[in-house]
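The lines below spell out each chain.
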Amino acid sequence: GLLFGLMNALVALWAVWLFRWELRRLRAHVAACVMVLGLLLAALVGAEKITTFAEDKFYQDSIVFTAASPYQRIVVTNGKLGHRLFLNGNLQFAERDEYRYHEALVHPAMLAHGNPRRVAVLGGGDGMAVREILKYPGVEQVTLVELDPAMTDLFTRTPALAALNANALGNPKVRTVNTDAFTWLQTTD
């Protein structure tokens with residue numbers, strides 16, 4: 001947003017220059033453009049601090065991890081209700097009750113199939129669904145297809161978050177593929 005703001009301010013400065021002969025208070029217009037450019041440049045330089053400040057005010061709990069991947073903004077908080085994951089500002093799960101969602105997501109499908117040996121999970125880079133699938137002793141292989149490697153890395157390498165998925169992503173039965181799930185489905189048997 002700041003980059004496009006800078007571009008617009010530069011266009012405004014250029015327009016002032018083009019129409020300088022027709023403007024009555026040329027110095028005031030130039031000063032305003034230069035001031036806006038300066039403010040936008042300062043904001044661009046301090047963008048990370050501005051983002052951190054805004055996130056500190058936005059989330060109710062202490063922020064324990066933030067990252068901006070090419071796909072999304074990842075924020076993990078920790079508070080009275082445990083860890084919570086936000087992607088692009090939207091709550092994905094709260095540690096306190098995530099099991100309700102993941103059990104309801106996984107167990108009906110697993111029981112309807114009977115005894116699946118190979119299971120594919122599309123999305124779910126937090127590993128919670130994989131955790132539930134690994135509870136079935138007949139499962140020999142789980143393929144997790146997750147677009148964002150930052151998610152799978154975070155929930156594999158961060159001890160507190162890996163504990164939430166019972167270290168499911170580090171299980172030898174689990175194979176992680178970081179690619180677009182739709183593309184993967186079209187190119188995989």
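What you are looking at is a predicted structure, and each value in this text was computed from that prediction instead of being measured. (Residues numbered from 1 in each chain as written. Predicted model: local features only at pLDDT ≥ 70, side-chain atom pairs only at ≥ 80, totals over all residues. Heavy atoms only, no water.)

**Q** A description of helix H4 (residues 98-113) should follow, citing residues and the corresponding values.
**A** Helical geometry note: an α-helix holds 3.6 residues per turn, so side chains three or four residues apart project in the same direction. With 16 residues, H4 extends 23 Å from end C-alpha to end C-alpha; this agrees with the ideal 22 Å at 1.5 Å per step. Where H4 is buried, its residues contact strand E4 (90-94), strand E5 (118-122) and helix H5 (128-133). Of the residues one or two after H4, Gly114 is the one with positive phi, at around 110°. (Helix = DSSP H or I, 4+ residues; strand = E, 2+ residues; numbered from the N terminus. Expected span 1.5 Å × (residues − 1). Contact = heavy atoms within 4.5 Å.)

**Q** So, the side chain of His102: which residues are in play, and what are the values?
**A** Relative to the elements of secondary structure, His102 occurs in helix H4. With a relative accessible area of 5%, His102 lands in the buried category. Among the polar contacts listed, one links the side chain of His102 to the side chain of Glu98, at a separation of 2.8 Å. Here His102 is in contact with Asp126, Met128, Ala129, Arg131 and Glu132, once residues within four sequence places are set aside. (Buried < 20%, exposed > 50% of the residue type's maximum accessible area, 1.4 Å probe, protein only. Polar contact = N/O pair within 3.5 Å; in protein donor to acceptor, adjacent residues only side chain to side chain.)

**Q** Tell me what's going on with the packing of aromatic side chains, and back it up with residues and numbers.
**A** A complete count under the given rule lists 2 aromatic pairs for this structure. With a centroid separation of 4.6 Å and an interplanar angle of 55°, the aromatic rings of Tyr59 and Phe86 are classed as tilted. Remark: Phe86 occurs in strand E3 (residues 82-87) and Tyr59 occurs in the loop between helix H3 (47-58) and strand E1 (62-68); sequence separation between them is 27 residues. Judged by centre distance (6.1 Å) and plane angle (65°), the rings of Phe93 and Phe155 are edge-to-face. Of this pair, Phe93 sits in strand E4 while Phe155 sits in helix H6 (residues 149-157); the two residues are 62 residues apart in sequence, bridging distant segments of the chain. On the basis of relative accessible area, Phe155 is assigned to the buried category, the value being 1%. Of note, Arg20 hangs over the ring of Trp17, and the distance from its end group to the ring centre comes to 3.8 Å. (Phe/Tyr/Trp six-rings, centres within 6.5 Å; stacked < 30°, edge-to-face > 60°. Lys NZ or Arg CZ within 6 Å of the ring centre and 35° of its normal.)

**Q** Describe H6, with residues and values.
**A** By the burial criterion, the buried members of H6 are Met151, Thr152, Leu154 and Phe155. Taken down its axis, H6 places every buried residue within 160° of arc, on the same side. Backbone nitrogen of Ala150 and a side-chain oxygen of the N-cap are separated by 2.9 Å at the start of H6; the cap is Asp148. (Arc of directions from axis to C-beta.)

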